[in-house]
Structures are given as C-alpha cells and as structure tokens.
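Structural overview for review
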Amino acid sequence: MSSNSSTLLNEENSKGPKRNTECLESLELQTPSSFQDNPLQQLQLASQEVLEKAKKSGRSKCPRCSSSRMFYCYTCFVPVETVPTKEIPTVKLPLKIDIIKHPNETDGKSTAVHAKLLAPDDVTIYKYPCIPEYEEKRHEIALIFPGPNSVSVKDIASHLQKHTEKSVCDNDDDCSREPFVKQAKMEPKEEEKNVNKHISSNKSEGTRLKKIIFIDSTWNQTNKIITDERLQGLLQIELKTRKTCFWRHQKGKPDTYLSTIEAIYYFLVDYHQEILKENYKGQYDNLLFFFSFMYTLIKNAKCCAGKE
C-alpha cells in the first residue's frame, strides 16, 4: 500500500536522461486525454500548470528544511519553493483520516504525503509504532484493509449499528446511569418514551463513521502493523472493485491492491455515494492532483523509452 513520487522520475532519467528529456519535450503539448488508455483522464482537477512549470525548473528547496526536492518535500509535508501553496488545491473531507506509515517505508516512495498536502486539516500521518490509542472511539473508526472479516463500504452503517447496539443496550452505564435534567414528574409512558429517545439518539450517533485509518507500507510489511493490539477490534473495510494505476505495482499482488492515495480517494468516492447518499460530482478528485500528474509523466517517459 505504498506509492512513489519524484524518486521514480529520477530513476527513469538516470537510465536515459537525454532521450527521456527529448521525449517529454515532444509530448509537452499533449494532454492526458490524448492517451486513450489513461484511466485518470476524467478527473475534475485544478490546473496543473504550476506543476508543469516546476517540472521545467527542476528540483527546488523545501522552505522548511532546505532539502532539494521535486514538487514537494515528503518529510516536511509542504510544497517546494517553485510550487506556491496558494496554487495547490485544498480538499475538504467528510471525516478525519489517520495514515499509519511503516518505519521502513521509504519517504520518497509514498503517496501518503499527497493526502496531507491536499487535505491538511483532515489528514494526520503517524510513523509506526507511534500511533494513537483507538479503544474508546473504536465504534466511530474503521480500518481500510482486506481480510476475511472485512466488509464493503455500503455495509459500514449496518456493522457499526450492531456494534453500537451491543455497547449501548448491553451496558447499563450508557442506558441508565447518565442523569437527565431534573423536571416535573411525568407519566410512566412519557418517561419511557424519553429514555427510548435517548438510547435511539446514542445508536444514531454511534453509526456515524468519524475516522478512517489507512496503512502506508508495502504489502509484505503490513503484518507488523495490522497485528498491533491497538488496531484489534476495529471494523475492517475492503475496496474490492477498484484497480490500481500505480506505476510501482507490487508483483504477485492483485491489481485491486491500491496505492495509499488511490485507496483514500476511492474510499471517499464510495463513502460519498453509499453512506452520505449524495451524487458524486468530483469533490475529492483533487486528492489525485499530484498522482495523476506523475502518472502521465512516467507513462510518457516509458512510452518514449519503448517500454510500452
């Protein structure tokens, strides 16, 4: 579940810098839609002109650590000097996202930073084993991970409902110990109605997903994180119908194993339609702002090199 950024661009150039440069220059006037097999061409994205200019300028300094980077700094989570923050789109998400990054995952190969750059108010990145305790809020949290007990996005509400019914109705603390505001004596039926309304309100609140967790690592590294006791008991969700476009797809794994930013994007699209019950109109497309640009650059370079 990992992704790459400028690292692969550098690798492609190291294999044939002059040839790739000439190829890219000859293709600069072509748009992604000119490639019939580009699955990202229908995205509603902000102008990527700022990335085009940065590509021509080459690597630039990170405004925080002064490291030389292409497009953004993957350790400070900020754009480089040649990519003004005001020209980068900002995406508002319907829930909070925690990304747990494996300590051995190479920073420059991860697209988790894309989410932090584009949705800074809603995304937090943790480096394992430094992760939060989710015990008290586990009825509001789900983990994206394929497994024998994972469910689809459309089944989230029903599974959270079952968990809430168990924690609310089987726990006297939730149902009867919380005091009500003192008021005039009511008839038994009216008092019972008020208690039922209180329980119903708790159930409704409990079925609302408030945070989603993603693991950022290669698939061979996930076992160390997924078996952590702090993640046990969380509802697991699997994205079964989407296929990756990632240029570093891991051999031997199905094409439904997505890179981190793809998983975040596709989950949100499904969540918007299946849970929020709203028509999707490209609200989260800009999460793939950097990913789609790099996809096109790398695809063009490979085409010119005769690899496709």
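Our subject is the structure listed above.
Criteria and cut-off values
- Residues numbered from 1 in each chain as written.
- Predicted model: local features only at pLDDT ≥ 70, side-chain atom pairs only at ≥ 80, totals over all residues.
- Heavy atoms only, no water.
- Helix = DSSP H or I, 4+ residues; strand = E, 2+ residues; numbered from the N terminus.
- Expected span 1.5 Å × (residues − 1).
- Buried < 20%, exposed > 50% of the residue type's maximum accessible area, 1.4 Å probe, protein only.
- Pairing = 2+ DSSP bridges.
- Right-handed = clockwise from strand over helix to strand, strands pointing away.
- Arc of directions from axis to C-beta.
- Contact = heavy atoms within 4.5 Å.
- Axes fitted to C-alpha atoms, helices over the stretch in contact; angles between N-to-C directions.
- Parallel < 35°, antiparallel > 145°, perpendicular 65-115°, else oblique.
- Left-handed = near helix turned anticlockwise from the far one by under 90°.
- Salt bridge = Lys/Arg side-chain N within 4 Å of Asp/Glu carboxyl O.

1. Thoughts on helix 9 (residues 260–274)
Across its 15 residues, helix 9 extends 21 Å between first and last C-alpha, which sits within 8% of the 21 Å expected from 1.5 Å per residue. Counting buried residues in helix 9 gives 13 out of 15 residues, a clear majority hidden from the surface.

2. Digging into the pairing of strand 6 (residues 123–127)
Bridging between strand 5 (residues 96–101) and strand 6 involves five bridges; their strand directions are parallel. When the bridges of strand 6 are listed, Asp98 appears paired with Thr124. On the question of chirality, the crossover connecting strand 5 to the parallel strand 6 by way of helix 4 (residues 112–118) is right-handed.

3. With respect to helix 3 (residues 49–57)
Every buried residue of helix 3 is listed here: Val50, Leu51, Ala54 and Lys55. Buried residues of helix 3 fall within an arc of 140° about the axis and therefore sit on the same side. Turned more than 90 degrees away from the buried face of helix 3 sit Lys56 and Ser57, all of them exposed. As for helix 3, its buried residues are in contact with helix 10 (289–304). Immediately beyond the C-terminal end of helix 3, within one or two residues, lies Gly58, with a positive phi of roughly 85°.

4. Let's talk about the pairing of strand 8 (residues 211–216)
Summarising burial for strand 8: five of the six residues are buried, a large majority. Here strand 5 runs beside strand 8; their pairing, made up of six bridges, is parallel. Paired with Ile97 across the bridge in strand 8 is Ile212. Pairing of strand 7 (residues 141–144) with strand 8, which is carried by three bridges, proceeds in the parallel orientation.

5. Quick word on the packing of helix 3 against helix 10
Interhelical geometry of helix 3 versus helix 10 gives an angle of 50° and a closest axis separation of 11 Å. By the angle class used here, helix 3 and helix 10 are oblique. Along this stretch, helix 3 crosses helix 10, giving a crossing that reads as right-handed. Contacts between helix 3 and helix 10 pair Val50, Leu51, Glu52 and Lys55 from the former with Phe289, Phe290, Phe293 and Leu297 from the latter.

6. Focus on unusual backbone geometry
Cis geometry is found at the peptide bond from Tyr128 to Pro129, where omega equals 15°. By the secondary structure assignment, Pro129 is in the loop between strand 6 and strand 7. A positive phi angle, close to 75°, is found at Phe71, a residue other than glycine. Summarising the element assignment, Phe71 is placed in the loop between strand 2 (68–69) and strand 3 (72–73). A relative accessible area of 1% means that Phe71 is categorised as buried.

7. What about the pattern of salt bridges?
Opposite charge on two side chains lets them pair, provided their charged atoms get close. Taken as a whole, this structure holds 10 salt bridges when the rule is applied. We note a salt bridge from Glu135 to Arg138, for which the minimum N-O separation is 2.8 Å. The residue Arg230 makes a salt bridge to Asp228 at a minimum N-O spacing of 2.9 Å. Here the salt bridges share partners, and the residues they tie into one network are Lys92, Lys96 and Asp122.

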